[in-house]
Amino acid sequence: MIQPQAWKVFGSHIHQDFLLDYPQFFEGLSMVYKCLKEPEQRALLAYVTQLANENIDASVKAKAWDESGSEILIAVSQVDEFLLQVLAALKAAERESGAQGQRAQGQA
């Protein structure tokens, strides 16, 4: 599975002070997602969907998270649930962005 550049851009935003900036971790991930350009969002969402849903060994998933550049460590035993929550946060951000876009189009 090839990691898109958006994975590394996303991960680079998740630094050691991330929880100070975003006390609600998964809401913070949504904010990072919204800061990406639309092509990066699509690539990231597709990658995380594949990573979270495919039958891949947890150690491979944990390695992929480490390779994202994030400074937040996730235990191998927790990575499956963690990625499902990341995916849910990204999908929520996507729905919210879509709803905002529809409202903006209606006002134009």
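Residues numbered from 1 in each chain as written. Predicted model: local features only at pLDDT ≥ 70, side-chain atom pairs only at ≥ 80, totals over all residues. Heavy atoms only, no water.

Counted according to the given criterion, the structure contains 9 aromatic pairs. Measuring from centroid to centroid gives 5.9 Å for Phe-26 and Phe-82, while their planes differ by 50°, and the two rings are tilted. Taken together, the residues span a long stretch of sequence, with Phe-26 in helix 3 (residues 25-35) and Phe-82 in helix 6 (residues 79-107) at a distance of 56 residues. Judged by relative accessible area, Phe-26 falls into the partly exposed class, the value being 25%. Judged by relative accessible area, which is 8%, Phe-82 ranks as buried. Through a chain of ring-to-ring contacts, the aromatic side chains of Trp-7, Phe-10, Phe-18, Tyr-22, Phe-25, Phe-26, Tyr-47, Trp-65 and Phe-82 assemble into a single cluster. (Phe/Tyr/Trp six-rings, centres within 6.5 Å; stacked < 30°, edge-to-face > 60°. Helix = DSSP H or I, 4+ residues; strand = E, 2+ residues; numbered from the N terminus. Buried < 20%, exposed > 50% of the residue type's maximum accessible area, 1.4 Å probe, protein only.)

Listed as buried for helix 1 (residues 5-12) are Ala-6, Trp-7, Phe-10 and Gly-11. Buried residues of helix 1 fall within an arc of 135° about the axis and therefore sit on the same side. (Arc of directions from axis to C-beta.)

To continue, consider the pattern of salt bridges. In this structure the tally under the stated criterion is 4 salt bridges. A salt bridge links Glu-96 to Lys-34; its shortest N-O distance comes to 2.4 Å. You can see Glu-96 sitting in helix 6 and its partner Lys-34 sitting in helix 3, a full 62 residues away along the chain. Residue classification places Glu-96 among the partly exposed residues on the basis of a relative accessible area of 38%. Residue Lys-34 is classed as partly exposed on the basis of its relative accessible area of 27%. Of the charged contacts, one joins Asp-80 and Lys-61 as a salt bridge, the two residues approaching to 2.8 Å between their closest N and O atoms. (Salt bridge = Lys/Arg side-chain N within 4 Å of Asp/Glu carboxyl O.)

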